[in-house]
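What the coordinates show
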Amino acid sequence: QVQLEESGGGMVQAGGSLRLSCAASGRTSSIDMGWFRQAPGKGREFVAALKNNGNTYYANSVKGRFTISRDNAKDMVYLQMNSLKPEDTAVYYCAANRYTTYDVLSTYAYWGQGTQVTVSS
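Scope of this entry: the structure provided in the associated data block.

Each value, and the rule that gives it
- Residues numbered from 1 in each chain as written.
- Predicted model: local features only at pLDDT ≥ 70, side-chain atom pairs only at ≥ 80, totals over all residues.
- Heavy atoms only, no water.
- Pairing = 2+ DSSP bridges.
- Helix = DSSP H or I, 4+ residues; strand = E, 2+ residues; numbered from the N terminus.
- Axes fitted to C-alpha atoms, helices over the stretch in contact; angles between N-to-C directions.
- Core = buried A, V, L, I, M, F, W, Y, C linked by side-chain atoms within 4.5 Å.
- Buried < 20%, exposed > 50% of the residue type's maximum accessible area, 1.4 Å probe, protein only.
- Contact = heavy atoms within 4.5 Å.
- Salt bridge = Lys/Arg side-chain N within 4 Å of Asp/Glu carboxyl O.

Details of the sheet that holds strand β7 (residues 66-71)
The strand order across the open sheet built from 4 strands is β1-β3-β8-β7, with neighbouring strands paired in antiparallel fashion. The open sheet has two edge strands with one neighbour each: β1 (4-7) and β7. Neighbouring strand axes in the sheet, compared pairwise and without regard to direction, differ in orientation by 15° on average. Pairing analysis gives 6 bridges linking β7 to strand β8 (residues 76-81), with the strands arranged antiparallel. The residue bridging Ser69 from the neighbouring strand is Tyr78, located in β8.

The structure is reproduced here in C-alpha cells:
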C-alpha cells in the first residue's frame with residue numbers, strides 16, 4: 001500500500017513557475033511515479049512519468065516546460081512547471097504503481113487527492 005499527498009499548487013500568472021511535490025508513504029525508488037491533471041469538464045490526462053528505471057516521459061503539451069524528478073532519500077517526487085500557460089490550469093494528481101504503462105491512467109493503483117493549479121492570463 002502506498003499513500004500519496006500532493007502539495008505546492010496555487011495561483012500564478014502566465015509565464016510563471018510552480019513546483020509540485022508528492023510525498024509517498026513508501027520507497028519511491030522502486031515504483032513508477034506519474035503526474036496527471038484534470039481540467040474542469042475534462043477527463044484526467046497524463047502529464048509526466050518517472051519509471052523505476054529512471055526513464056522519464058512527458059505529454060507533448062508540457063515537454064520542454066515541465067520536469068519530473070524524485071528524491072529517493074525523502075520519498076518525494078516533484079513536478080517543476082515553468083512557462084506556465086492558462087491551459088495548464090487543472091487539478092494535478094500524483095500517482096504510483098509497481099509497474100505501469102506510463103501514460104495509461106488505469107495502470108496506476110495509488111492516487112493522491114490532488115492539488116489545484118490556476119494560471120491566469
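So much for the structure itself; the text now carries on.
Looking at the nonpolar core
One finds Trp35, Leu79, Met81 and Tyr92 to be the most contacted residues of the largest nonpolar core, which totals 33 residues. Elements supplying a minimum of two residues to this core: β3 (18-24), β4 (32-38), β5 (44-50), β7, β8, β9 (90-97) and β11 (115-120). Discounting residues that sit within four places of it in the chain, Leu79 has contacts with Leu18, Arg19, Leu20, Trp35, Val47, Ala48, Phe66, Thr67, Ile68 and Tyr92.

Overview of unusual backbone geometry
Unusually for a residue other than glycine, Asp75 sits at a positive phi of about 55°. Here Asp75 is to be found in the loop between β7 and β8. The backbone of Ser83 sits at a positive phi, close to 50°, despite the residue not being glycine. Given the relative accessible area of 42%, Ser83 is considered partly exposed.

Considerations on the pattern of salt bridges
Pairing is possible between side chains of opposite charge, provided their charged atoms come close. Counted by the stated rule, this structure contains 4 salt bridges. For Glu45, the salt bridge is made with Arg37, and the minimal N-O distance between the two is 2.7 Å. Residue Glu45 is classed as partly exposed on the basis of its relative accessible area, which comes to 37%. Taking the relative accessible area as the measure of exposure, Arg37 reaches 5% and is therefore buried.

Description of the pairing of β5
For β5, the tally of buried residues reaches 5 of 7 residues, placing the bulk of the element in the interior. Pairing of β4 with β5, which is carried by 6 bridges, proceeds in the antiparallel orientation. Bridge pairing in β5 links Met33 to Leu50. From the end of β4 to the start of β5, which pair antiparallel, there are 5 residues, and Gly41 there has a positive phi angle of about 75°. Of the strand pairs in this sheet, β5 and strand β6 (residues 56-58) are connected by 3 bridges, and their pairing is antiparallel. Counterpart to Leu50 in the pairing with β6 is Thr56.

A short note on the environment of Ser30
When you line up the elements, Ser30 lands in the loop between β3 and β4. By relative accessible area, which is 32% here, Ser30 ends up partly exposed. Ignoring sequence-local partners within four residues, the contact set of Ser30 consists of Asn52 and Arg98.

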